[in-house]
Amino acid sequence: MKTLEKYREDILAGIGLPSVLAQLNVEASADFGRYSELYAKAEIDRAKFIKRLHDEGASMSSAENEWITTEEGEKWIFLKHYIRGLKQITKSIDSATYVANAEMKNQC
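Residues numbered from 1 in each chain as written. Predicted model: local features only at pLDDT ≥ 70, side-chain atom pairs only at ≥ 80, totals over all residues. Heavy atoms only, no water.

Draft legend 1. Seen up close, the environment of Lys 91. In this fold, Lys 91 is placed in helix H4 (residues 71–107). Spatially, the C-alpha atom of Lys 91 lies 15 Å from that of Gly 14, the residues being 77 residues apart in sequence. (Helix = DSSP H or I, 4+ residues; strand = E, 2+ residues; numbered from the N terminus.)

Draft legend 2. Fine view of helix H2 (residues 18–55). Across its 38 residues, H2 extends 54 Å between first and last C-alpha, which sits within 8% of the 56 Å expected from 1.5 Å per residue. At the exit of H2 stands Gly 57, carrying a positive phi of roughly 110°. (Expected span 1.5 Å × (residues − 1).)

Draft legend 3. Molecular detail of the side chain of Glu 64. Inspection of the secondary structure assignment puts Glu 64 in helix H3 (residues 60–68). Polar side-chain contacts of Glu 64 include one of 2.7 Å to the side chain of Arg 46. Those residues in contact with Glu 64 that sit more than four places away from it in its chain are Arg 46, Ile 50 and Trp 76. (Polar contact = N/O pair within 3.5 Å; in protein donor to acceptor, adjacent residues only side chain to side chain. Contact = heavy atoms within 4.5 Å.)

Draft legend 4. A look at the nonpolar core. Ranked by internal contacts, the top residues of the largest apolar core, which has 22 residues, are Tyr 7, Leu 21, Leu 24, Ala 28, Ile 89 and Ile 93. Listed by contribution, the elements that provide at least two residues to this core are helix H1 (4–14), H2, H3 and H4. Not counting the four nearest positions on each side in its chain, Ile 93 is found in contact with Ile 11, Leu 21, Leu 24, Asn 25 and Ala 28. (Core = buried A, V, L, I, M, F, W, Y, C linked by side-chain atoms within 4.5 Å. Buried < 20%, exposed > 50% of the residue type's maximum accessible area, 1.4 Å probe, protein only.)

Draft legend 5. Highlighting H1. Every buried residue of H1 is listed here: Tyr 7, Asp 10, Ile 11 and Gly 14. Buried residues in H1, looked at end-on, bunch into an arc of 100°, giving them a common side. Structurally, H1 contributes buried residues whose contacts are with H2 and H4. One or two positions beyond H1, positive phi appears at Gly 16, with a value near 90°. (Arc of directions from axis to C-beta.)

In structure tokens:
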């Protein structure tokens, strides 16, 4: 898994290089798809866990709090924020690519 910090470093290194930015965008989009699928599975596990505890008499908030303390809950939180970060990364890459292309057009 490529960290968001590594994506950041690669974007900064690729500013002004549309082909590098395009490759990063493909990579980030592929990661977004892969981790979105894992997140969807984690959401299903979360719902089942919370429902089971709620059916046993726990309040929804206590069931949610207990979920967060499990290994699966920690993974769910990580995936949730990682996917949000990837969305921002792809937006940044799109913006940097637009600027790089505009600068190349102006040079011609």
